[in-house]
Amino acid sequence: MQREQKDQREHRAQDDDDGARMEQSVRLCWSALRSCQRVGILKRSAREQWESKDAFKLTQWRGDGLLACTMRRHVAQSCAGKMHLSEMARLERACISSQALSQVFQEVQLDYILERTGATARARADMVEAVVWELNQHQQDHAHRDGLREDTPAIAGHALERLLDALMTVGRQILRDAPTYSRGKAEGVTKSREQALMWLRQYQAAAEDQIFTHSSMFGRADHASMSGKFCIPDDAQTQRILREIIGYLYEQQCPRCFVEMSTPLHPLIEDIDILGSADVGDVPPDDILPDSFFPRRAEVLHSLFPGIETLELSMFTASGWSTDYARWKTSFHLVWNSIIVDMPLAAAVRVSTIEAFKKMKDYAEFYEDLEKLDARNSLETLFDVTAVRAGSFRMPYNDKVFKPFRRREARPLLPVGVFCFPRTPPDYSNGAGHFLFGPEDLSKVEWLERASVRMPDQTEVTPFVPMLKKPPPPSKAEGGKSKVASLSSLSFRKSHKDKAKEAKLRWDAEQRCRRRFWPGTVEEFKRILDEKLDDENGWNSTFMRLQASDGKSRWLWSNRRLKGAIEISADNGEVFIRGNAEQQMCLIELTKQFTEEWTGAIPTPTKKTKALKIVGKKPRAKSTSPPRTTSVPVARRREASTKSDMSNPGNSDSEGPRPGRLIRVWRPSAGLTSARPVWSADRDAGCGSVERRRWSHAGLRAEGVGSRARYGK
């Protein structure tokens, strides 16, 4: 009882303080505006610039934009260091709302000062925005030009400051009187759409915030956030309220368009996309997927994650008419709840999956049908890379936005079912594994929980074993080169210094990523690697000692069923990954499971690497023109021509020596040990700068490519 009485006294004291602050700000604003009226600022502006409707709307439109910028600066100056950025953003939005503008219009009696009345709250708010523009213009313009007093800019500036203070006081009162909701109760939030949106506005983030949990596809145009970003806590109670709100708004036929930002570790998510017909009377091509598609997908995942006995899949669909492509589109969103990955591991899983499906010969007809539907369909687009690189996932019961027109596509993400795939599969006659739950078997909150990609408490990924086969070439989204020119290629060229700086950063990042630290012995390293690949005896792997300088001990591990190799140093525990980009990706994910990050030194690029690989300097293209004749003595050319004809007795239609650069080659005459050098001017004109070497030994002839090479090396 005493605590309740104390709270009531504190609330009454706070109300008294807010009332006194409101009264003082309104009085100062009214006094400043009356000063403007006496010098004829607003009265003259109202007569001259508001005579026509178009002139007034232009002034109001300018004032609307000016008020947003001015109020944000005013709030930042007044509340810097006292409020969080998200709270400052909420206050700024409340200060420029129609409710605040209309209330200030009535409090300071602007209808008396302007000799104009506003019938509605929107009309009164428009007049306040027009007044803001006029005061700003008089503050910046010279007064004597209009025949007014010399202190007119100071008077107008003082009035504008007092008006902003009044709006800020009203905005604080609006936020204080706004209904708040307990995190443990959601009954009041789902009673009306306005209450649900009000709850969401409590967690809106500022546009400058780089860390946020949810975002809207509408961006700044979303009704629940002025920035399109939200920072919603990850505790169970708050997340349950959020999911109830999303389900409620979907039932009210006004679904949100939210995406959930994934945490560093999250369930494996995939997008299966297929473009269909452009005929409006057609349907999405969902039936084109073979019945064995999802069981085959599960088999590939079982080979990549052998430690999981049963895979659990939550499937959602957003198939329908795609406004972006102007055709029907099949879209399945898959959440493998049993597999925990990070972004690099998800990219490695996608690469391995595409390569595995390319090897399935019985799916060749399915791939042809995909290309017949649309030329853009392929395995690369079937397993959409957006699920890997975007770092977010559209929440169920949320629609997609057609951005050019800022409208919904009417393709909400809806649940299909939950399926499980054991490692030893039974007869999947239905093509979808064991069916666990249907769309109506779980509530909307449970479906939203199953589709969540936020796992802040998760600390480890699922152990991964790379595919024992050669990965496919890199795609553009995963670090490869794009065949299509980017917009950056159309911009101004960067200086050589900037290119070298960017290249150095890329080199350092690549070299550090390819290195890991192993604190144990090299024998333990090999044993763990073999066990990860189910080769406990090490029969499929080799472990060779490399030649190293300064007495260091370096070893090279490789597996005959896996492309790439791993080099390890016994002195400092440095692990270096060899191979192309995709092979490195798989081997890095394999070694990350039992090694640590490399914090030691990394090598500096050589001059050749800088010129050819880093800075981007390309080697000279091969010339298609005839080769130039090298200036050599005539006698030597004649001797070389004679020896060339003797070594080619079948060449009866020779017309003398052909032009070309003389190349020193080795021709064994009696044996390999007694090889002697001769000069030859023979050159293949059809190979550009590629020379041809000939050796003859015991009646045999071999050909190779090179300029000056020793036989046997």
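The shown structure was predicted, so the numbers you read here are calculated from the model rather than taken from an experiment.

1. Considering the overall build of the protein
Scanning the protein from terminus to terminus reveals 21 helices and 22 strands. Here the protein holds 713 residues, and the buried ones make up 46% of them. Contacts in the protein between residues far apart in sequence, at least 24 positions, make up 68% of those at least 6 positions apart. Summed over all atoms, the accessible surface of the protein reaches about 39,800 Å², with 50% contributed by carbon and sulfur.

2. With respect to the confidence of the model for the protein
Residue-level pLDDT values for the protein average 75, and 72% of them are 70 or greater. Mean pLDDT across the secondary structure elements of the protein bottoms out at strand E22 (residues 700-705), with 36, and peaks at strand E3 (residues 258-261), with 94. Low pLDDT, under 50, characterises residues 634-638; the predicted model gives this stretch 4 contacts beyond four residues in sequence or across chains. Ignoring residues within four places in sequence, the model shows residues 640-713, a span with pLDDT below 50, making 107 contacts including any to other chains.

3. Observations regarding the nonpolar core
Grouped together as the largest cluster of nonpolar side chains are 45 residues, with contacts concentrated most on Leu33, Cys36, Leu42, Val108, Leu110, Leu135 and Leu163. Those residues in contact with Val108, other than ones at most four positions away along the chain, are Val26, Cys29, Trp30, Leu33 and Ile113. Core analysis: the second largest hydrophobic core is formed by 44 residues, Ile339, Val351, Leu379 and Met585 among them.

4. Let's talk about the pairing of E3
Neither face of E3 is exposed, since Phe258 and Glu260 on one face and Val259 and Met261 on the opposite face are all buried. As judged from the 3 bridges shared by strand E1 (residues 214-216) and E3, these two strands associate in the antiparallel manner. Paired with Ser216 across the bridge in E3 is Phe258. Pairing of E3 with strand E8 (residues 392-394) involves 3 bridges; the strand directions are antiparallel. Bridge pairing in E8 places Val259 opposite Arg394.

5. Considerations on the packing of aromatic side chains
Summed over the entire model, instances satisfying the criterion amount to 22 aromatic pairs. The interplanar angle of 85° and the centroid separation of 5.5 Å between the aromatic rings of Trp321 and Trp328 together place this pair among those described as edge-to-face. Classification of Trp321 as partly exposed rests on a relative accessible area of 27%. Accessibility expressed as a relative area gives 14% for Trp328, which makes it buried. With a centroid separation of 5.7 Å and an interplanar angle of 80°, the aromatic rings of Trp518 and Phe594 are classed as edge-to-face. Here Trp518 is found in the loop between strand E13 (515-517) and helix H18 (522-532), whereas its partner Phe594 is found in the loop between helix H19 (581-591) and strand E18 (596-597), with 76 residues between them in sequence. An aromatic cluster is present here, built from Phe293, Phe294, Phe332, Phe357, Tyr363, Phe366, Tyr367 and Phe383 joined pairwise through their rings.

6. What to know about the sheet that holds E3
Spatially, 4 strands are ordered E2-E1-E3-E8 in an open sheet, and the strand pairing comes out antiparallel. Edge strands, defined here as strands with exactly one partner in the open sheet, are strand E2 (229-230) and E8. Sheet analysis places E1 next to E2, joined by 2 bridges and oriented antiparallel. Note on E2: the bridge partner recorded for Ser215 is Lys229.

7. A short note on the pattern of salt bridges
Where side chains of opposite charge bring their charged atoms close, a pairing between them can arise. All told, the structure shown has 29 salt bridges when counted by the stated rule. Here Lys329 ties to Asp273 by a salt bridge, and the two come within 4.0 Å at their closest N and O atoms. Taken as a pair, Lys329 in strand E7 (residues 327-341) and Asp273 in strand E4 (residues 266-275) lie far apart in primary sequence, 56 residues in all. Since its relative accessible area comes to 9%, Lys329 is described here as buried. Taking relative accessible area as the criterion, Asp273 reaches 11% and is therefore assigned buried. A salt bridge links Arg554 to Glu567, with the nearest nitrogen and oxygen atoms 2.5 Å apart. With a gap of 13 residues between them, Arg554 in strand E15 (residues 554-559) and Glu567 in strand E16 (residues 562-569) connect regions that are remote in the sequence. Pair check on accessibility: Arg554 and Glu567 agree, each one buried. By sharing partners, the salt bridges in this structure join Lys57, Arg122, Asp126 and Glu129 into a single network.

8. Considerations on the sheet that holds E16
Reading across the sheet, the 6 strands line up as E14-E15-E16-E17-E13-E18 and stay open at both edges, with antiparallel pairing between neighbours. Both outer strands of the open sheet, strand E14 (541-546) and E18, are each paired with one neighbouring strand and no more. Bridge count between E13 and strand E17 (residues 574-578): 3 bridges; the pairing is antiparallel. Paired with Phe517 across the two strands is Glu574, which belongs to E17.

9. Concerning the environment of Arg201
Assignment of secondary structure puts Arg201 in helix H9 (residues 193-201). Along the backbone, Arg201 and His223 are 22 residues apart, and their C-alpha atoms lie at a distance of 8.8 Å. Ignoring sequence-local partners within four residues, the contact set of Arg201 consists of Arg90, Arg93, His223 and Ala224.

10. Considering the state of the cysteines
If you walk through the whole model with that rule in mind, you get 0 disulfides. With no disulfide of its own, Cys29 has Cys36 as its nearest cysteine by sulfur position, at a separation of 9.3 Å. No disulfide involves Cys95; its nearest neighbouring cysteine sulfur is the one of Cys79, lying 8.3 Å away.

11. Considering the packing of H9 against helix H10 (residues 236-251)
Viewed as axis vectors pointing N to C, H9 and H10 meet at an angle of 145°, and their least axial separation amounts to 11 Å. Crossing angle aside, the handedness with which H9 passes H10 is left-handed. Contacts between H9 and H10 involve Arg193, Ala196, Trp199 and Leu200 from the former and Thr238, Ile241, Leu242, Ile245, Tyr248 and Leu249 from the latter.

12. With respect to the pairing of E7
Counting buried residues along E7, 13 of its 15 residues qualify, which places the element largely inside the surrounding structure. Pairing of strand E5 (residues 310-317) with E7, which is carried by 5 bridges, proceeds in the antiparallel orientation. Paired with Met315 across the bridge in E7 is Leu334. Adjacent in sequence and paired antiparallel, strand E6 (residues 320-322) and E7 are bridged by 4 residues, among which Ala326 carries a positive phi angle near 55°.

13. Let's talk about unusual backbone geometry
When glycine is set aside, most residues are seen to have a negative phi, and most peptide bonds are trans. At Gln109, a residue that is not glycine, the phi angle is positive and equals roughly 60°. Positioned with a positive phi, Gln253 is a non-glycine residue whose angle comes to about 60°. Here Gln253 is to be found in the loop between H10 and E3.

14. With respect to the packing of helix H3 (residues 53-79) against helix H8 (residues 152-177)
Running from amino to carboxyl end, H3 crosses H8 at an angle of 75°, the nearest separation of the two axes being 11 Å. In terms of orientation, H3 and H8 fall into the roughly perpendicular class. Seen from H3, the contacting residues are Leu67, Thr70, Met71, His74, Ser78 and Cys79; seen from H8, they are Glu161, Leu164, Asp165, Leu167, Met168 and Arg172. For the contact of H3 with H8, the class distribution of residues is 6 nonpolar, 3 polar and 3 charged.

15. Let's talk about the side chain of Arg394
Looking at where Arg394 falls in the secondary structure, it is placed in strand E8. Buried charge without a partner: Arg394 forms no salt bridge, and the closest opposite charge is Asp399, 4.6 Å away. A distance of 2.8 Å separates a polar atom in the side chain of Arg394 from the backbone oxygen of Asn398. Engagement of the side chain of Arg394 in a polar contact is seen with the backbone oxygen of Arg411, the distance being 3.0 Å. Contacts of Arg394, omitting those with residues within four sequence positions, involve Met217, Phe258, Val259, Ala318, His333, Asp399, Lys400, Arg411, Pro412 and Leu413.

Reading the values: rules and limits
Residues numbered from 1 in each chain as written. Predicted model: local features only at pLDDT ≥ 70, side-chain atom pairs only at ≥ 80, totals over all residues. Heavy atoms only, no water. Helix = DSSP H or I, 4+ residues; strand = E, 2+ residues; numbered from the N terminus. Buried < 20%, exposed > 50% of the residue type's maximum accessible area, 1.4 Å probe, protein only. Contact = heavy atoms within 4.5 Å. Areas by Shrake-Rupley, 256 points an atom, 1.4 Å probe, with all protein chains shown as cover. pLDDT = per-residue confidence, 0-100. Core = buried A, V, L, I, M, F, W, Y, C linked by side-chain atoms within 4.5 Å. Pairing = 2+ DSSP bridges. Phe/Tyr/Trp six-rings, centres within 6.5 Å; stacked < 30°, edge-to-face > 60°. Salt bridge = Lys/Arg side-chain N within 4 Å of Asp/Glu carboxyl O. Disulfide = S-S within 2.5 Å. Axes fitted to C-alpha atoms, helices over the stretch in contact; angles between N-to-C directions. Left-handed = near helix turned anticlockwise from the far one by under 90°. Parallel < 35°, antiparallel > 145°, perpendicular 65-115°, else oblique. Nonpolar A, V, L, I, M, F, W, Y, C, P; charged D, E, K, R; others polar. Lys, Arg positive; Asp, Glu negative; His and termini not counted. Polar contact = N/O pair within 3.5 Å; in protein donor to acceptor, adjacent residues only side chain to side chain.

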